[in-house]
Every structure is written in structure tokens, then in C-alpha cells.
Amino acid sequence: MQRIPEPLKELVEQMARLPGLGPKSAMRAAMTLLKWPEAEVRRLGKNIHELRDRLHLCSRCGSLSDSDPCPICADPVRSRDSLCLVAEWDSLLALEEGNFYKGQYLILGGLLAPLEHSPAESLDMDRLTARLAEGEVSELILALGATAEAEATASYVRDEVTRRFPNIRITRLAQGIPLGAEVKFMDRETLRQSLRYRQELN
Ligand SMILES: [Zn+2]
């Protein structure tokens, strides 16, 4: 990087810290930017520059939005009695992509490490309890995933919510055999969960 002009060097060093980019691909990306029409590059720079000003966290659900409350929280058609708890914003995006859930969301901000039994700083439990205390939510859907971290977080959240809001129904996304998969190819844990959360056949 010695002979690289300073402005380019600085940009490449910064971009190399992005996920999926190392120094080499950051350099390739920077070289591509230099070949773009000037207006395009300026627009990219402007977007990056304004990102922090134009985007904020929704005060209701904690998701990224350019308005507060975000369009989901502000939507009068969505039901207010079911609240779906996700770890991060990208889980919300994945669920919204499917267009089958018509309730509200809340972003927890992370997951607990498996052996951790008290809330990490990253978990937004205050936002969750404040929301439940409003009294509108009758069902809390845990959509945290099926990892050890998700399990630890789910049982922590369940205990906290049951203790403070005993009337709120707590559910979780079903776990088990994915569509199109065969029993003989399932790992033991998936099979165990599938058996545990088996359903009535009707
Ligand atoms: Zn929101």
C-alpha cells in the first residue's frame, strides 16, 4: 500500500473493514468507483454521508427507518395484539418479505450467550417491557431462531415476561423438519425438536 496515493489508501483501508471485503477486494471496489461516472460516485458519497442523519431507530419497535414511528408501527391496518420478537432487524425484513404476518414487531437487539442468565447490555428488555405494559399485546411470538443463543434468550424472555405479564400468551416459531426434507437426513437435534413440537394431524 506504500505507493498508493493517500486518498485512495484511506478509502481502501476503510472499505476493507466491511464484511465480505478484504484489502484486495476493497482495492478492486475502489478502482471500480474511479471508473464510474462522476455524478454516480458523488451520489454514493452523499448517501453514505447522509445515512446517519436520515436514518433512525423507530421509537416503537427499534427498527431502522426514515420515519418515526416506522411504516409498520404506523400502519393502522396491522393488528396491535400480536407482537413478534426478533433478534435483529434483518429477521424482521425476512418475515416481512413473506407478507404473511400482519402484527407488530419488536427488535430485541441481540441474543444472550448460552450460559448467560442475565440480560446482556445489548438486549432491549426495557423496550419490550414498556411495550407489553401498554396492555395492547395479548400474544408475544418469539422468532429468535433455533441456535443455542436463541434458546437461551427465549427462555430468559419467557421467564421475564411470564413473571411480569402472566396473562400474555407466549408462542414461538415451530421448529422441526424443513419443507422438502426427509427424516433420514435430519440431524438428531432437529428430529428431537420435531418430535417435541409434533402437531395434531387433522
Ligand atoms: Zn417501528
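For the structure, check the block above.
Residues numbered from 1 in each chain as written. Predicted model: local features only at pLDDT ≥ 70, side-chain atom pairs only at ≥ 80, totals over all residues.

A. Main features of the pairing of strand β4 (residues 104–107). Here β4 shows no split at all, with Gln 104 and Leu 106 on one side and Tyr 105 and Ile 107 on the other all buried. Summarising the sheet, strand β3 (residues 82–86) and β4 pair through four bridges and their orientation is parallel. Its bridge partner being in β4, Val 86 is matched across the sheet by Ile 107. In the classification by handedness, the crossover that spans β3, the intervening helix α5 (residues 89–98) and the parallel β4 is right-handed. (Buried ≥ 20, exposed ≤ 12 C-beta atoms within 10 Å, placed from the backbone. Helix = DSSP H or I, 4+ residues; strand = E, 2+ residues; numbered from the N terminus. Pairing = 2+ DSSP bridges. Right-handed = clockwise from strand over helix to strand, strands pointing away.)

B. Structural detail: unusual backbone geometry. Note the cis peptide between Asp 68 and Pro 69, where omega equals 0 degrees. Counting through the fold element by element, Pro 69 comes out in the loop between β2 (64–65) and α4 (71–74). Positioned with a positive phi, Asn 99 is a non-glycine residue whose angle comes to about 60 degrees. Counting through the fold element by element, Asn 99 comes out in the loop between α5 and β4. Judged by local crowding, Asn 99 falls into the exposed class, with 7 C-beta atoms found within 10 Å.

C. Helix α3 (residues 38–54), seen in detail. Between its first and last C-alpha, α3 extends 23 Å over 17 residues, near the 24 Å set by a 1.5 Å rise per residue. Ile 48 marks where α3 bends most, by close to 30 degrees. (Expected span 1.5 Å × (residues − 1). Bend = angle between axes of the 7 residues up to and from the residue.)

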